[in-house]
Amino acid sequence: MINQVNGATKILGIIGYPVRHSLSPVMQNAALRACGLDYVYVPFEVAPEGLGSAVAGLKALGVSGFNVTIPLKTEIMQYLDELDSSAETAGAVNTVKNDAGRLIGYNTDGDGLIRSLANELGFDVRGASVALLGAGGAARGALAALCRSGARRVVIANRTRERAVELASSIAHHFPATELTVVSGFEELEECLAEIDALVNTTSLGMIRDSPLPVRLDLLPRSAIVYDMIYAPPVTPLLREALRLGLKGANGLGMLASQGELAFAIWTGTTPPFGLMKSVLDGISDC
Ligand code: NAP
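Residues numbered from 1 in each chain as written. Predicted model: local features only at pLDDT ≥ 70, side-chain atom pairs only at ≥ 80, totals over all residues. Heavy atoms only, no water.

Some words on the pattern of salt bridges
As enumerated under the stated definition, the model contains 13 salt bridges in all. For Glu 166, the salt bridge identified is with Arg 140, shortest N-O distance 2.8 Å. Note that Glu 166 is positioned in helix α6 (residues 161-172) and Arg 140 in helix α5 (residues 137-148), a separation of 26 residues in sequence. Judged by its relative accessible area of 42%, Glu 166 falls in the partly exposed class. Residue Arg 140 is classed as buried on the basis of its relative accessible area, which comes to 15%. For Arg 153, the salt bridge goes to Glu 195, with nearest N and O atoms at 3.9 Å. Residue Arg 153 is located in strand β8 (residues 153-157), and its partner Glu 195 is located in the loop between α7 (185-190) and β10 (198-201); the two are separated by 42 residues in the primary sequence. Taken together, the shared-partner salt bridges connect Glu 120, Lys 278 and Asp 282 into one network. (Salt bridge = Lys/Arg side-chain N within 4 Å of Asp/Glu carboxyl O. Helix = DSSP H or I, 4+ residues; strand = E, 2+ residues; numbered from the N terminus. Buried < 20%, exposed > 50% of the residue type's maximum accessible area, 1.4 Å probe, protein only.)

What follows is the structure, given as structure tokens:
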């Protein structure tokens, strides 16, 4: 079946601003076809000032579910009927399910990261010391998921230190078993790198060609892994340096695929074929 729309076809989608660059429609529709499910997944460009009416419209139209992307992940929360604990602790929603007229918000970004660390790099977060670069929206979901998955310690470094302090204090009380440390910027982070098992970049530094390295990766142990959430460009200066030093590293394409697999299962109750979304994305990014 090739997403042939008929009277019974259910609608899924993504809202964001802008949204035309999104890779989600291609990978989600490929998975829907592979599973023989009668759904289509479409992009909806929604400006922040129109978010309330857009959500009311999606609900009134009976859309089965949708993803939420930049810059609407926090703003959307006020328009939902219920929040899953994943969204509540992260303070952000990237997936909404329409459950018989009730809109329920989830966050699959963080667990997408954890899955990608395991799938791409064979890395298990349990008991690990992680350096988290950044304190924006992506860092929020990542930090909550790292703590939930049993990280022993997370050291957070951000250009604007106050944002990192605010992030840590909003998450810490949910996860007393994880030690959270905020350092004053990337230079101070370098002092801790010798004890770090995984360095995760959630900043947008690296999206620009020839951007400077935030930290010296040669200070990491040789067993450490480096994960850059950025996937365009596919190899950022940070990732290139990690690979040059012989460290294991991956970009954010696996996380994008994994958060999509988790959302797909929430909407449809079906697990998409393992690796299908990632291989669709690899095909696009190779072009
Ligand atoms: P955001 O909320 O705007 O946060 C941006 C972060 O980057 C902040 O920590 C900011 O620091 C930092 N930053 C920006 N420019 C910087 C610079 N020149 N030097 C140092 N730090 C800088 O954005 P976001 O939603 O967290 O997204 C961040 C990145 O993650 C984006 O590249 C996005 O594409 C990627 N992402 C990937 C996935 C995936 O599935 N792979 C999912 C979500 C996000 P300040 O606080 O100091 O401004």
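Picking up where we left off.
Topic: helix α9 (residues 253-268)
Spanning 16 residues, α9 covers 22 Å between terminal C-alpha atoms, matching the ideal 22 Å at 1.5 Å per step. Extensive coverage of α9 is indicated by the burial of 15 of its 16 residues. Note on α9: the residue one or two positions beyond its end, Gly 269, has a positive phi of about 75°. (Expected span 1.5 Å × (residues − 1).)

As for the packing of aromatic side chains
Evaluation of the coordinates by the stated rule reveals 1 aromatic pair. A centroid spacing of 6.0 Å and a plane angle of 50° characterise the contact between Tyr 41 and Trp 267, whose relative ring orientation is tilted. In this pair, Tyr 41 is assigned in strand β2 (residues 39-45) and Trp 267 in helix α9, connecting sequence segments 226 residues apart. For Trp 267, a relative accessible area of 5% gives the class buried. (Phe/Tyr/Trp six-rings, centres within 6.5 Å; stacked < 30°, edge-to-face > 60°.)

What to know about the packing of helix α4 (residues 109-121) against α9
Between two packed helices, the angle of one axis relative to the other and the distance separating the axes together describe the packing. Put simply, α4 and α9 touch, their axes get as near as 7 Å, and they point 125° apart. Between α4 and α9, the angle falls in the class oblique. Two packed elements cross with a definite hand, and for α4 against α9 that hand is right-handed. The segment α4 lies against α9, with Asp 109, Asp 111, Gly 112, Leu 113, Arg 115, Ser 116, Asn 119 and Glu 120 engaging Gly 254, Met 255, Ser 258, Gln 259, Glu 261 and Leu 262. In terms of residue class, the contact of α4 with α9 is built from 3 nonpolar, 6 polar and 5 charged. (Axes fitted to C-alpha atoms, helices over the stretch in contact; angles between N-to-C directions. Parallel < 35°, antiparallel > 145°, perpendicular 65-115°, else oblique. Left-handed = near helix turned anticlockwise from the far one by under 90°. Contact = heavy atoms within 4.5 Å. Nonpolar A, V, L, I, M, F, W, Y, C, P; charged D, E, K, R; others polar.)

With respect to the pairing of strand β7 (residues 129-133)
Here β7 lies mainly inside the structure; 5 of its 5 residues are buried. Direction of pairing for β7 relative to β8: parallel, over a ladder of 5 bridges. Along β8, the bridge assignment pairs Leu 133 with Ala 157. Summarising the sheet, β7 and β10 pair through 4 bridges and their orientation is parallel. The partner of Ala 131 across the bridge, within β10, is Leu 199. (Pairing = 2+ DSSP bridges.)

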